[in-house]
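# Close look at the chain arrangement
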Amino acid sequence: MVKKHGKKEGGKISLHQMCEMALMAAVMCILGPVSVPIGAVPISLTSLIVYLAAFLSGPKMGTMSTAVYLLLGMAGLPVFSGYSGGVAKLAGPTGGYLVGFLFVALITGVFAERASRRFVWSMVGMLLGTAVLYLFGTVWFVLMMHSTVSYAVTVCVLPFLLWDLGKMLVVALAGREIDKRLSAAGLR
């Protein structure tokens, strides 16, 4: 028996879900490398796609899409900011922000799915996910760079607050319309 979003009973992943997950990971791989270097951590479009993947696909599939993206980058494909890849990027000072995308996807997906993708609750989920991302990535950066927390926050968090808030607004507003159109096309 097939349920909503093509999910089969028994927790198995359907072909539709695998295709959706692969598509979202592919979009992350295409847009993730596009970045603006502003310091230790560049501005990239990766978080926008992680928010969108979790918003549209839910916590499980959004997190799995993000994990596929990270595994492809870890394998050496140039999918991270600035067309970089490899284990060294994940293990480096900004790797905590990359790994932190898993938390963003999980938390955003839970809130979006449970609140039927309502604007306010979707924003709350993205804000909480991003707060965990910032915390995880900043602690990682401090440990790797032996820097102070205030320095890490200054270079790794503050420059991104408005950009990330803008990305969240785009997903909360456009994501619902995308979801409606996918449903109307019979893809939900």
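Residues numbered from 1 in each chain as written. Predicted model: local features only at pLDDT ≥ 70, side-chain atom pairs only at ≥ 80, totals over all residues. Heavy atoms only, no water.

## Notes on the packing of helix α2 (residues 46–74) against helix α7 (residues 161–184)
Note the threshold: To get an axis, fit a line to the C-alpha atoms, keeping to the stretch in contact for a helix; angles then go from 0 to 180 degrees between the N-to-C directions. Helix and strand assignments come from DSSP, with helices taken as H or I runs of at least 4 residues and strands as E runs of at least 2, each series counted from the N terminus. Whether a crossing is left-handed or right-handed is set by the direction in which the near helix is turned from the far one by less than a right angle, anticlockwise for left-handed and clockwise for right-handed. Contacts between residues were defined by any pair of non-hydrogen atoms, one from each residue, lying within 4.5 Å. Each residue receives one of three labels: charged for Asp, Glu, Lys and Arg, nonpolar for Ala, Val, Leu, Ile, Met, Phe, Trp, Tyr, Cys and Pro, and polar for the others, Gly being one of them.
The N-to-C vectors of α2 and α7 enclose an angle of 35°; their axes lie 9 Å apart at closest approach. Classified by chirality, the crossing of α7 by α2 is right-handed. Facing S47, L48, Y51, L52, F55 and L56 of α2, the residues of α7 in contact are D164, K167, M168, V170, V171, A172, G175, R176, I178 and D179. Residue composition of the contact of α2 with α7, grouped by class: 10 nonpolar, two polar and four charged.

## Comments concerning the nonpolar core
Rule in force here: By nonpolar core is meant a set of buried Ala, Val, Leu, Ile, Met, Phe, Trp, Tyr and Cys residues that side-chain atoms within 4.5 Å join together. Summary of the burial criterion: residues with accessible area below 20% of their type's maximum are buried, those above 50% are exposed, and those between are partly exposed, where the area comes from a 1.4 Å probe applied to protein chains only.
Judged by nonpolar contacts, the single largest core of 38 residues is most densely connected at Y69, F80, Y97, L98, M126 and V171. Elements that contribute at least two residues to this core include exactly α1 (15–31), α2, α4 (95–114), α5 (119–145), α6 (149–156) and α7. By residue number, the principal contributor to this core is α2, which donates 11 residues. Leaving out residues up to four positions away in the same chain, M126 has contacts with Y51, T108, M168, V171 and A172.

## Looking at the pattern of salt bridges
For the record, the criterion: Salt bridge, as used here: a side-chain nitrogen of Lys or Arg that lies within 4 Å of a carboxyl oxygen of Asp or Glu.
For the structure on display, the rule yields three salt bridges. Here K167 and D164 are joined by a salt bridge, their closest N and O atoms 3.5 Å apart. Note that K167 and D164 are positioned in helix α7 at a spacing of three residues, about one turn of the helix. With respect to burial, K167 and D164 carry one shared label: buried. R181 is paired through a salt bridge with E177; the nearest N and O atoms lie 3.0 Å apart. Placement of the pair is R181 and E177 together in helix α7, with a separation of four residues, close to one helical turn.

## Some words on the packing of aromatic side chains
For clarity, the threshold we go by: Aromatic pairs are defined between Phe, Tyr and Trp rings, using the six-membered ring for Trp, whenever the two ring centres lie within 6.5 Å; interplanar angles under 30 degrees are classed as stacked, those over 60 as edge-to-face, and all others as tilted. Over a ring means this: the NZ of a Lys or the CZ of an Arg is within 6 Å of the ring centre and within 35 degrees of the ring normal.
Applying the stated criterion to the full structure yields five aromatic pairs. Ring-pair connections join several aromatic residues into one group, and the members of that group are F103, F136 and W140. Over the face of the ring belonging to F55 we find R117, whose NZ or CZ atom lies 6.0 Å from the ring centre.

## Regarding α4
We count it as follows: What a helix should span is 1.5 Å times the count of its residues minus one.
Between the first and last C-alpha of α4 there are 30 Å, a value that for 20 residues agrees with the 28 Å anticipated at 1.5 Å per step. Residues of α4 that are buried: G95, G96, Y97, L98, G100, F101, V104, A105, T108, G109 and A112. Positive backbone phi, at 50°, marks S116, one or two positions downstream of α4.

## Overview of the confidence of the model for the protein chain
We apply this condition: Confidence of the predictor at the level of single residues is given by pLDDT, which spans 0 to 100.
Here the protein chain averages 92 in pLDDT, while 95% of its residues score no lower than 70. Below a pLDDT of 50 lies the segment residues 1–6, which in the model reaches 13 contacts outside its immediate sequence neighbourhood of four places, other chains included.

## Comments concerning the layout of surface pockets
The cut-off we apply is this: Points on a 1 Å grid over protein atoms alone make up a cavity when a 1.4 Å probe fits among them but cannot get out, and a pocket when they form an open set with protein on both sides within 12 Å along at least five of seven lines; lining residues each have an atom within 4 Å of a point. Grid points are joined across faces, edges and corners, and a volume is the space filled by probe spheres set on the points.
Size it by volume and the second largest pocket reaches roughly 170 Å³. Lining the second largest pocket are H16, C19, E20, L23, M24, L56, I178, L182, L187 and R188. The set of elements that each furnish at least two residues to the lining of the second largest pocket consists of α1 and α7. Among the elements that make up the lining of the second largest pocket, the one with the highest residue count is α1 (five residues). Counted by class, the lining of the second largest pocket contains seven nonpolar, one polar and two charged residues.

## With respect to empty space enclosed by the protein
Tallied over the full model, the rule gives one cavity of 30 Å³ or more. By volume, the largest cavity is sized at about 280 Å³. Taken together, 21 residues line the largest cavity, and the ones lying closest to its centre are V41, P42, S44, Y97 and F101. When residues of the lining of the largest cavity are traced back to their parent elements, those giving at least two are β2 (43–44), α2, α4, α5 and α7. Taken together, the residues of the lining of the largest cavity sort by class into 12 nonpolar, six polar and three charged.

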